[in-house]
Structures are given as structure tokens and as C-alpha cells.
Amino acid sequence: MAPPATTGRLNLLEWLKTITFYELLVGMKTTLSHLLHYKPITLQYPHEKRTLPDNYRGMLALLRYDDGTEKCVGCDLCEAACPSRVIRVVSAEVPGEPTKRYSKEYYMDMTRCLFCGMCVDACPVDALGMTREFEWAVYDKRQLHLNKAQLLAIGDRSYPVREKRLELQHPNTAFFNVAFQHIPQKSE
Amino acid sequence: MTELGLRLAVSLTQIAAVTGIVIVTVLLLTLAERKVLGWMQDRMGPMEVGPYGTLQPFADAIKLFFKEDLVPAGANKFLFTMAPILALIPALIGFAVIPWGPNVTYEIGGLSIKPFIISDINIGILYILAFASIGAYGIILGGWASNSKYSLLGGLRSAAQVISYELNVGLSIVGVLLIAGSLSLVKITDAQAGGFWNWYAFAFPAPQLFALVVYVISAVAETNRVPFDLPEAESELVAGFFTEYSGLRFAFFYLAEYANMVLVSCVATALFLGGWNAPYPGTLIGYLGLPSFAWVENTMWFAFKTYSFLFLFFWLRATLPRLRYDQLMRFGWKVMLPIALANIVVTALAVFFFG
């Protein structure tokens, strides 16, 4: 503990420390000891990569069921959940199956994405996933404006094991077929 | 006539050799600095070009060589071009009077050659100081001619800093000059022969240790190095006086800065630490019975001392933060200057009574 310096009298020790650059010497000793006990914490990045944590939130992807059909039901919840308006979904009925919907178009503007994972949490059918990809530097920003095909491709290469599709498990069925059955249908 | 031609050839060879050595040293320094700085901060420094990044200086040189040479709009083109040259030439020209090795004379073909001394002018140290001051013009003009506020501020800071610290450099040297009684670096170095107790930093009548400390601190300030790198403070002034420079002109400034570092280290070695003299009387090679090869040991000692100073530069850079401007000025005028002046008085008295 240094004594309070407000005494007004010249503290001899403090004075000696000042004129001998004591504090500087302490600092220089530290740097020298780091030089002598050289142990870098650097990772030579392109050559060696760090182990990613299990819950790493990387590039977003759209997923499929094991029979190759898309999981997405076009509910727009991801769009609503996204804090930075990355996602744009154009929802449509599945042709020939009026009870089912799917995302006709699905866009993600990854230049704005902050990888919070809220869309993944919001998705009722687990159609969105976060991969462990992070090397997405591009020369043209427009390449980060991804469409549905690209997002599905990312999911295909990052999630080789797909979820099994059970017909009745599909929330689409439960939601649209059962809950709204009493609502009168629009006459055509 | 032929003798004149031969002399000219010998001198030119010496100049080429010394310039070459200095440039190679600067190349080495750019790598060594980044490496040492990295190691001190638990990093690795450059690792990509060549094994362990050893070819990095060449990559840098090639990059700078092929970069576009920009002149900002509204710049004074003449001064903008002149400034790097004005900075570089004084930095390199000072090496002419540095004694690199023993003051021996070889008789070759009727010519007496001093291989380690390009020129032994009797005002050697004054010559170096004078040219070091001219080097400041390069910085100031470069800052002014760029037509940029950052450059101008860097140049102005440099002007004030150089004026303040040139003075301390000059005054800290005076003690040595009083003891040696000469301004010639060759004579000063010769007078320090025979062991480290004869070096002027430790010599009997008045050890110049305080002068050495003042000199080193002022030299750091004069070469615009951390912690006195206000003219090129990158967190305040982008890059200070060479913000607007690119390509080869930028390389010139860079070269000048490092050549200046080498120069002040050489001067410190020659004035305070015995130059090429070993810290023991004579040389080991001389004792082994090969006195004609003693110059190897002597030049090695010179190189070792110089590189120790250069290491100190890196060490300071790795450790210290930048001073504030008023702190810099207060330190220069109210701390360094009185110490240097007191040193002169004490040295003068000691030399008068014991010398």
C-alpha cells in the first residue's frame, strides 16, 4: 500500500521511484519476461483452426426431412422473430394440397444477420438450422443475399443426418386441418 | 591522377559497403522489430512469408515498390517529392563519420587505406547533429506539402519535438566532448580503449551515465519512436506526417526512420560505450596470436553494442504508452535539460580538477 500522497511533504521513496523510472522498469521487466518465456497464444488461422464450441452459431441453413421434402411450412415466424430483418418469406399453398403451405421463396440477406439464432428458436418445425460454417467472406456483397436453393444447399452439406418425417406429426396437418375446420370455406 | 582515381574507387567502395550494411540492417530491423514486439506481446509476428516469416522484409519492399504513387490534390508537388529525400539523405549521410572498427591503416599498392573509417573529419559529431537537424526538415516539409490536416499536425509536432530534444542530445554529448577534448568520433573512440572502465559512460573523472540516459531518451524522442512517437501517432493522426505518402516515398520515410535509429545507436555506442573497443583490454583474437584479425572481434563488439541499443528501442516500444504532448514538452525542458546542464557543470569541474 502506498501512503497517501496528500501529506505535502516529499516522500523520499516516491521521489526515488520517480527519478529512477521505477515504474517504467517494472513494465520493461514484464515485457522482457514475456519475451524470455515466449508462449504465443496465436493460432495460425488459415493453417490451423480453433475447435468450435458445441453451440456455435454459424451460417444459417434450411433443412429437409429424410425423404428430401423441405421442412419449411412458410409460416413467416422466422421473419417475425428476426431482429434485423434478414429473412423474407413468400408463403404459398402446396399445389394440389390446399391444406398445406410451403415457402415459395425464401431470402436471407446475410450482410445484416447478427447470428442471434432467434429464427431457429422461432421455427415451429425446426426447418432452420445454424451450421458451423463461418468462412463466408466474399468479394461481392450481393453474394451474401441468399435464396432458398442456396440455403437448402448449405443445409444439405451441413446436416447429413435428417429428421424422419412422420405424416401426422406435421404441425401443418394439426394446425390447418383440425383447428380451423369449423371456419366456413371460401366459396370459389 | 591514378592515385586520385584509386582513392576515389576505394572511398566509393567503402561508401557502397556502409550504405549496403545500413540498408540490410534496416531490412533486418523491420523484421526484428515486428518479431520482438510480437514475442513480447505473446504473439508470433510475421509468419507467412518464408520460414517463420523471415522473408517478410523483402515482401514488404516488393509491395512498396509496386504500389501506386499517389500525390494528393492540392499538394505542393515539388516539396512533396523532396521531403522523403530530405528525410532519407541526412539519415544515411551521418554514417560517413562512424568508426566501424579499429583505426588501422593498410598499405596497399602505395595507398594507405583505413577500411573501417570512411572519413575522419575533426568535427564528426557536430556533422552528425547538423544533418540530423536537417532530417527534421524532411518531416516538417512532408507534413506541410501533403495538404492534409493530419500530416500538418504531425509535421508541427515533429518540429517542436525535434527542437526540444535536439538540444538535449547536444548537451548530453558535451560531457563526453569535454573529457575527450575532440569532436572527432575516431579520436573519441580511440580514447576509450582498454576495458569498459575506460568507456566514457563509466570513466573515472566523471562517469557520463546520466548523460547516457539523457542521450538515449532524447534519441528515442528524436527518431520519433514510442513513447515519443507523437508526430506519427496512429491513434490520433492516422500516420502523422506520412499519412498521404505511398509507395516508394513512404518507403523512403520508413527507411529514414530506421536509418536514424541505427545512426543514433551507433553514435551512442561510439560516444558512451567505447565504440568498437571490447569491454576488456585488447582483443581475444589478439591474445590468440592473430592481431591482424582483431578487427573481426572489434567490429563484432561494435555491432553487438549497436544492436543492444536497437533492442532497447523495440523493448521501449513494446512496453510504454505514448506521452501526452504537454508531458513530452515538460519532460524535455524541465527534466532532461537540467540534468544535461548539471552534467556539463559536474563534468567540467571534474575534468578541470582531475583530468
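This section reports on the structure supplied with the text. Predicted model only: the values in this text are computed from it and were never measured.

**A few points about the overall build of chain B**
Next, step 1: Along its length, chain B carries twelve helices and two strands.
Next, step 2: Written out in order from the N terminus, the α and β elements of chain B read α-α-α-β-β-α-α-α-α-α-α-α-α-α.
Next, step 3: Over its C-alpha trace chain B gives a radius of gyration of 21 Å, about what one expects of a compact globule, namely 20 Å for 355 residues.
Next, step 4: The principal-axis extents of the C-alpha atoms in chain B amount to approximately 60 × 50 × 50 Å.
Next, step 5: Taking all 355 residues of chain B together, the buried fraction comes to 45%.
Next, step 6: Expressed as a percentage of contacts within chain B between residues at least 6 apart in sequence, the contacts between residues at least 24 apart total 78%.

**Comments concerning the sheet that holds strand β3 (residues 97–109) of chain A**
Residue and element names in this part refer to chain A.
Next, step 1: Pairing within the open sheet is antiparallel, and its three strands lie in the order β2-β3-β5. With partners counted over all chains shown, the strands left at the sheet margins are β2 (87–94) and β5 (145–146), one partner each.
Next, step 2: For β2 and β3, the ladder comprises eight bridges, and the chain directions are antiparallel. Note that in β3 the partner of V90 across the bridge is E105.
Next, step 3: Where helix α5 (residues 148–158) meets the sheet, its contacts fall on β3 and β5, and the angle it forms with β3 comes to roughly 90°.

**With respect to the interface of chain B and chain A**
Next, step 1: In this complex, chain B contributes twelve residues to the contact, which on the side of chain A involves 13 residues.
Next, step 2: Those elements that place two or more of their residues in the side of chain B that touches chain A are α1 (2–40) and α11 (294–319) of chain B.

**Here's the deal with the packing of helix α7 (residues 209–222) of chain B against helix α12 (residues 325–354) of chain B**
All names here are of chain B.
Next, step 1: Contact geometry of α7 with α12 gives a least axis separation of 9 Å together with a crossing angle of 145°. Along this stretch, α7 crosses α12, giving a crossing that reads as left-handed. Contact residues: F210, A211, V214, I217, S218 and A221 in α7; G332, M336, I339, A340 and N343 in α12.
Next, step 2: Of the residues that constitute the contact of α7 with α12, the class distribution is eight nonpolar, three polar and no charged.

**Regarding the nonpolar core**
Next, step 1: Counting residues in each nonpolar core, the largest one holds 91 residues, and the members touching the most others are B:Y215, B:A259, B:A268 and B:F272.
Next, step 2: Counting residues per element, this core draws most heavily on helix α9 (residues 247–272) of chain B, which supplies 17 residues.
Next, step 3: A:C72, A:V73, A:V86 and A:A127 belong to the second-largest nonpolar core, a separate cluster that totals 24 residues.

Rules behind the numbers
Residues numbered from 1 in each chain as written. Chains lettered and ligands numbered in written order. Predicted model: local features only at pLDDT ≥ 70, side-chain atom pairs only at ≥ 80, totals over all residues. Helix = DSSP H or I, 4+ residues; strand = E, 2+ residues; numbered from the N terminus. Rg over C-alpha atoms; globule rule 2.2 N^0.38 Å. Buried ≥ 20, exposed ≤ 12 C-beta atoms within 10 Å, placed from the backbone. Contact = placed C-beta atoms within 7 Å. Pairing = 2+ DSSP bridges. Axes fitted to C-alpha atoms, helices over the stretch in contact; angles between N-to-C directions. Left-handed = near helix turned anticlockwise from the far one by under 90°. Nonpolar A, V, L, I, M, F, W, Y, C, P; charged D, E, K, R; others polar. Core = buried A, V, L, I, M, F, W, Y, C linked by C-beta atoms within 7 Å.

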